[in-house]
Amino acid sequence: MELEFLSLAYPPLLVFAAALLVLVLPRIAGFTVGALSLAAVLAISLVAPEGQHLAGTFLGFERVVPFYVDGFSRMVGIGLGFLGVCSVIYAYSSEASKTLVAFALVYVSSSIGAAFAGDWLVLLFMWELMAVTSTLVVWHYGGEAVRAGFRYAIFHGTGGVLVMLAVAVHYVEVGSFVYTASDGIATGIPALLAVLGMGVNVAFIGFHTWLPDTYPRPHIAASVFLSVYTTKTSAFVLYRAFPVDAQSELGIYIAYMGGLMAVYGATFALLQHDMRALLSYHIQAQLGYIVAGIGMGAWTVTSEIAVAGALSHLFNNILFKSLLFMAVGVVIYRTGEEDLYELGGLWREMPLTAIAFGLGALSITAIPGFNGYVSKGMLFDAANPDPHYYGEPEFQALYWLLWLGAIGTLLSFIKLGYYVFFHGESDFEVADAKPGQTVAMLGLGGACLLFGVWWQGLADLAPTLHGHGGHFEFVYPGGESELHPYSQSHLETAGILTTVAAVTFVLVRKPLSKLDLGDPVMFVYPATYSLSRWTMLAVTETYAAVDRAVVGGVKRCYWIGNNPVLAVDAAAGRLPDWMVDVDERQPTDGGRPSTIHLRTGIGTTVLLLMLVLTAILWLLVV
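Below: a short report on this structure. (Residues numbered from 1 in each chain as written. Predicted model: local features only at pLDDT ≥ 70, side-chain atom pairs only at ≥ 80, totals over all residues. Heavy atoms only, no water.)

Every second residue of strand 4 (residues 471-476) is oriented toward a common face, the buried set being Phe472, Phe474 and Tyr476 and the non-buried set His471, Glu473 and Val475. Relative to strand 4, strand 3 (residues 466-468) runs antiparallel, the two sharing three bridges. Residue pairing across strands places His468 opposite His471, the latter belonging to strand 4. Hairpin connection from strand 3 to strand 4: two residues lie between these consecutive antiparallel strands, with Gly469 at a positive phi of about 60°. Inspection of the sheet shows strand 4 paired to strand 5 (residues 479-482) by four bridges, in the antiparallel sense. Counted as the bridge partner of Phe474 is Ser481 from strand 5. Hairpin connection, strand 4 to strand 5: the antiparallel pair is bridged by two residues. (Buried < 20%, exposed > 50% of the residue type's maximum accessible area, 1.4 Å probe, protein only. Helix = DSSP H or I, 4+ residues; strand = E, 2+ residues; numbered from the N terminus. Pairing = 2+ DSSP bridges.)

As structure tokens, this is what we get:
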């Protein structure tokens, strides 16, 4: 084993050990250990030098790399570690059980293991463990979460099988599981299988129904964990499969799928009454921006700004998406109400929660001064084919899809904030967030604000941006440029988007409140059920028919062997009268035995025997 000092503290193992301790220690001690283990992951991600790794052999495979630190895994590790600390504090204050948090920490450890994996074999193991443990997090709540958990498990099991096949074919073609800097997954069948399998976890349209179906159902603390670790880790793994400069032909299709996800998710978020369902659709929408950036980076010869935007938005999404689930979770925790139209005026009752929600909403909607503005601006620049920006002509439609997604996001969070916190007077007299909930929310909200104002800190984390004395440069197909997130054109774009969304909300607010349209892709559940049921019936009934035929044949053969005379008698009775004349069989107690009188001549008899023997010989030869 090649070990450096920091590698001795394998991050996933630290969190896994903490999960076991949560079960046996007193509640406050166990949760403290859980938070400290994730603080250790954050520290390791911050200080471990690039190239740090843990490598060895496993089952005859040489150079298996379970732990590898580069600029990309460092960025994701920092986000996942910081969020983990806040999530455990929030779970403690939200009365989550020790069992739930133990399941959640094992889930988090597998997600961190996938992020720090240095080869496809380790990734595959962590990927499957992540699917199993996240299902346990869902199931733990019981009730409707159980059925949703089964559907969730089916989706992720299917996606995992596709990724497993992709890795197997990749190994056959390449001869190694280790990641390469710019090649990613092998082209052809492995790449196609990887896109489909990873597309399940990153909620490609048509594969996404598990997301709004599952995340609104478990405990509010479980929703916080679930909202980040599966989807963001999977988006990062998609980047590993299609890294910058991979020049994959699938890149353009991945990019446009991302653009469509941004529009689709934002549209159906607008139509939701359930607050957590609205946020779940916005997971898909924001993943769309990340997927679009990964696709652009993999397709063009060099598009460092696209990948910087994708990874920065992934990092920011870890912060503001979990913050929004926390704020909405506090509202549900205090009021017991999930429907946003049944709320209103809560800013007077819950000012701290309203502030936390505002920080998250301003971040996800890309308002200047918040982190989402910086990362989303990079993605707009990467897609914009205008000569002053860096997109290819093929990205023109993608650029407008991202615009529409941004307007839909603004509309959704204006709607959510308006109806929950500002519309009318509150019918509830409730307390604000608990101290632990407040600390977790304001910690994440402070980070969102920090990386919006100190955008250089965010840019310094992005591996494809090259910093020189506070300036950050990147290469794109037309040459080289410098990052200017707060330029006049960027601020004008943000102002136009915000104005359009605000005016649109005023116009559509009343008709929008009367709409309650379901996701049309949700028909996949009854359709899949019916197809599975009839397929199962067809298979089982066919098997039963074959079984009846075989058993009946065996029974008849057994009876013929024991009753040869009766068998001949029965067979002769089925022949036409012109061939045989069979007397009715008499009782055996002194009666006349059955006799058969052949009416055929010798020639006909010989002919029949020849035909029978010929048929038997033919069957034996064939």
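Let us look at the packing of aromatic side chains. Under the counting rule described, the total for this entry stands at 32 aromatic pairs. With centroids separated by 6.0 Å and ring planes inclined at 80°, the aromatic side chains of Phe380 and Tyr399 adopt a geometry described as edge-to-face. Of this pair, Phe380 sits in helix 15 (residues 371-383) while Tyr399 is found in helix 16 (residues 396-422), placing the two residues 19 residues apart along the sequence. With respect to burial, Phe380 and Tyr399 carry one shared label: buried. Looking at Lys376, its charged tip hangs above the ring of Tyr289, at a distance of 4.6 Å from the centre. (Phe/Tyr/Trp six-rings, centres within 6.5 Å; stacked < 30°, edge-to-face > 60°. Lys NZ or Arg CZ within 6 Å of the ring centre and 35° of its normal.)

Turning our eyes to something else, we now look at helix 3 (residues 71-93). Spanning 23 residues, helix 3 covers 34 Å between terminal C-alpha atoms, matching the ideal 33 Å at 1.5 Å per step. Across the 23 residues of helix 3, 20 count as buried, placing the element largely inside the fold. Phi turns positive, to about 65°, at Glu95, one or two residues after helix 3. (Expected span 1.5 Å × (residues − 1).)

A separate point is the sheet that holds strand 4. What the three strands build is an open sheet, ordered 3-4-5; its pairing is antiparallel. A single partner strand is all that each edge strand has here, and the edge strands are strand 3 and strand 5. Each adjacent strand pair in this sheet contributes to an overall mean axis angle of 30°, direction not counted. (Axes fitted to C-alpha atoms, helices over the stretch in contact; angles between N-to-C directions.)

Packing of helix 2 (residues 27-47) against helix 4 (residues 98-116) brings their axes to within 11 Å, and their N-to-C directions diverge by 10°. Taken together, the axis directions place helix 2 and helix 4 in an arrangement best described as roughly parallel. Residues Arg27, Phe31, Gly34, Leu38, Val41 and Ser45 of helix 2 lie in contact with helix 4, whose contacting residues are Lys98, Val101, Leu105, Val108, Ile112 and Phe116. Residue composition of the contact of helix 2 with helix 4, by class: eight nonpolar, two polar and two charged. (Parallel < 35°, antiparallel > 145°, perpendicular 65-115°, else oblique. Contact = heavy atoms within 4.5 Å. Nonpolar A, V, L, I, M, F, W, Y, C, P; charged D, E, K, R; others polar.)

Counting residues in hydrophobic clusters, the biggest one holds 187 residues, and the most contacted among them are Trp120, Phe242 and Leu416. If you tally residues by element for this core, the top one is helix 13 (residues 304-335), at 20 residues. Every residue in contact with Trp120, bar those within four places of it in the chain, is listed here: Val167, His170, Phe177, Tyr179, Gly184, Ile185, Met198, Val237, Arg240 and Ala241. (Core = buried A, V, L, I, M, F, W, Y, C linked by side-chain atoms within 4.5 Å.)

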